[in-house]
Amino acid sequence: MPKRTHAMRYVAGKPVEQIFSSSAYFPRQGLPLCKPLQASKFLRVVVWNIFKQQRVSWLAVLKKFGKDSQLMLLQEARTTPEMVRFATSHYLTTDQVPAFTLPHHPSGVMTLAAAHPIYCCPLREREPLLRLSKSALVTVYPIQDGRSLMVVNIHAVNFSLGVNVYSRQFSSIGAKIALHRGPLILAGDFNAWNRQRVNALRLFTRSMELQEVEFFIDNRSRVFGFPLDFIFFRDLYVAEASVLVTRASDHNPLRVDFLL
């Protein structure tokens with residue numbers, strides 16, 4: 001029997017908790033709502049495929065580029081002791097969806113946040129060719145103006161014939177987005193490495209009425225000339241957006257400061 005899709009929650013001083021997928025969209029009860037996500041004028045978000053922490057300088061870059069960020073959306077993140085220590089010492093809560101298990105430590109999308117989520121929904125989609133899973137995570141956080149911010153962290157299906165499975169992963173996410181009223185961020189590694197995939201991605205984001213963050217100096221990692229990593233949003237304003245060039249991963253991290 002296959003394992004149920006779940007997230008692993010890491011909070012300093014508490015046992016690791018399993019969070020299971022739910023079809024219902026409602027805030028979890030019993031979580032503290034007194035601390036909103038935004039703590040300053042800007043909401044800083046970092047998005048990075050961290051390449052399973054295979055390169056030695058990943059932690060230094062994470063500390064430097066993630067400084068003062070309220071949200072960090074990682075893909076291919078492994079729950080090594082070093083990663084868990086960083087996450088629990090710099091953020092209130094960290095949720096990871098194990099897509100597959102490498103020796104000793106699972107790997108998947110990981111969302112680090114400066115507030116506790118009031119909703120959490122892990123999602124997985126199996127690669128049709130390699131039979132490995134790609135993961136996504138939907139979380140919702142209270143923000144200072146009394147509204148809630150939905151955050152979708154995605155590592156999209158990579159190897160498939162056509163775009164049917166690729167688009168199906170978006171459909172699962174779209175069902176959650178359609179239930180949310182208010183600001184939203186959708187970001188991650190979309191593996192949009194050909195025109196077919198780019199068109200499927202554009203069609204989906206337009207249907208969700210999302211805008212794309214544009215980078216004046218666009219140093220995003222590319223395959224066949226197409227960027228892989230994107231940040232989409234609604235009901236927010238972009239104050240500043242940048243891409244860091246680094247050898248600490250096979251992807252360059254993105255950073256955006258949003259105004260509500």
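Our subject is the structure that appears above.
Keep in mind that this is a model prediction, so the values were computed, not measured. (Residues numbered from 1 in each chain as written. Predicted model: local features only at pLDDT ≥ 70, side-chain atom pairs only at ≥ 80, totals over all residues. Heavy atoms only, no water.)

Draft legend 1. Region of interest: the environment of Arg-222. As for its position among the elements, Arg-222 is in strand S13 (residues 222–223). By relative accessible area, which is 41% here, Arg-222 ends up partly exposed. For the pair formed by Arg-222 and Trp-193, sequence separation is 29 residues and the distance between their alpha carbons is 7.5 Å. Engagement of the side chain of Arg-222 in a polar contact is seen with the backbone oxygen of Gly-225, the distance being 3.1 Å. (Helix = DSSP H or I, 4+ residues; strand = E, 2+ residues; numbered from the N terminus. Buried < 20%, exposed > 50% of the residue type's maximum accessible area, 1.4 Å probe, protein only. Polar contact = N/O pair within 3.5 Å; in protein donor to acceptor, adjacent residues only side chain to side chain.)

Draft legend 2. Geometry of the packing of helix H1 (residues 58–65) against helix H2 (residues 81–90). Running from N to C, H1 and H2 cross one another at 10°; their axes reach a closest spacing of 11 Å. Taken together, the axis directions place H1 and H2 in an arrangement best described as roughly parallel. On the side of H1, the interface is formed by Trp-58, Leu-59, Leu-62 and Lys-63, while H2 contributes Glu-82, Met-83 and Phe-86. (Axes fitted to C-alpha atoms, helices over the stretch in contact; angles between N-to-C directions. Parallel < 35°, antiparallel > 145°, perpendicular 65-115°, else oblique. Contact = heavy atoms within 4.5 Å.)

Draft legend 3. Region of the structure containing the pairing of strand S1 (residues 6–10). Of all 5 residues in S1, 5 are buried; the element is thus mostly enclosed. Side chains His-6, Met-8 and Tyr-10 of S1 all project onto a buried face; the interleaved residues Ala-7 and Arg-9 project onto the opposite face, where all are buried too. Strand direction decides the pairing type here: S1 and strand S2 (residues 17–20), joined by 4 bridges, are antiparallel. Bridging across to S2, Arg-9 finds its partner in Glu-17. Two strands pair when backbone bridges link them, and S1 and strand S5 (residues 93–96) are joined in this way by 3 bridges, in the antiparallel orientation. Each bridged residue has a counterpart across the sheet, and for Tyr-10 the counterpart in S5 is Thr-94. (Pairing = 2+ DSSP bridges.)

Draft legend 4. Layout of unusual backbone geometry. Despite not being glycine, Lys-52 shows a phi value in the positive range, around 55°. You can see Lys-52 is positioned in the loop between strand S3 (43–49) and H1. One non-glycine residue, Glu-76, lies in the positive phi region at around 55°. Assignment of secondary structure puts Glu-76 in strand S4 (residues 71–78). Residue Glu-76 is classed as buried on the basis of its relative accessible area, which comes to 14%.

Draft legend 5. Structural detail: the side chain of Gln-96. Here Gln-96 is to be found in strand S5. Residue classification places Gln-96 among the buried residues on the basis of a relative accessible area of 0%. Polar contacts involving the side chain of Gln-96 include one to the main-chain carbonyl oxygen of Pro-106, which spans 3.2 Å. When neighbours within four sequence positions are excluded, Gln-96 is seen to be in contact with His-6, Ala-7, Met-8, Ala-77, Arg-78, Thr-79, Pro-106, Ser-107, Gly-108, Val-109 and Met-110.

Draft legend 6. Quick peek at the pairing of strand S17 (residues 254–259). With 5 bridges joining them, S3 and S17 adopt antiparallel strand pairing. Looking at the pairing, Leu-43 lines up with Phe-258 of S17. Bridge analysis of strand S16 (residues 237–243) against S17 gives 6 bridges, and the strand direction is antiparallel. Within S17, the position partnered with Ala-241 by the bridge is Val-256.

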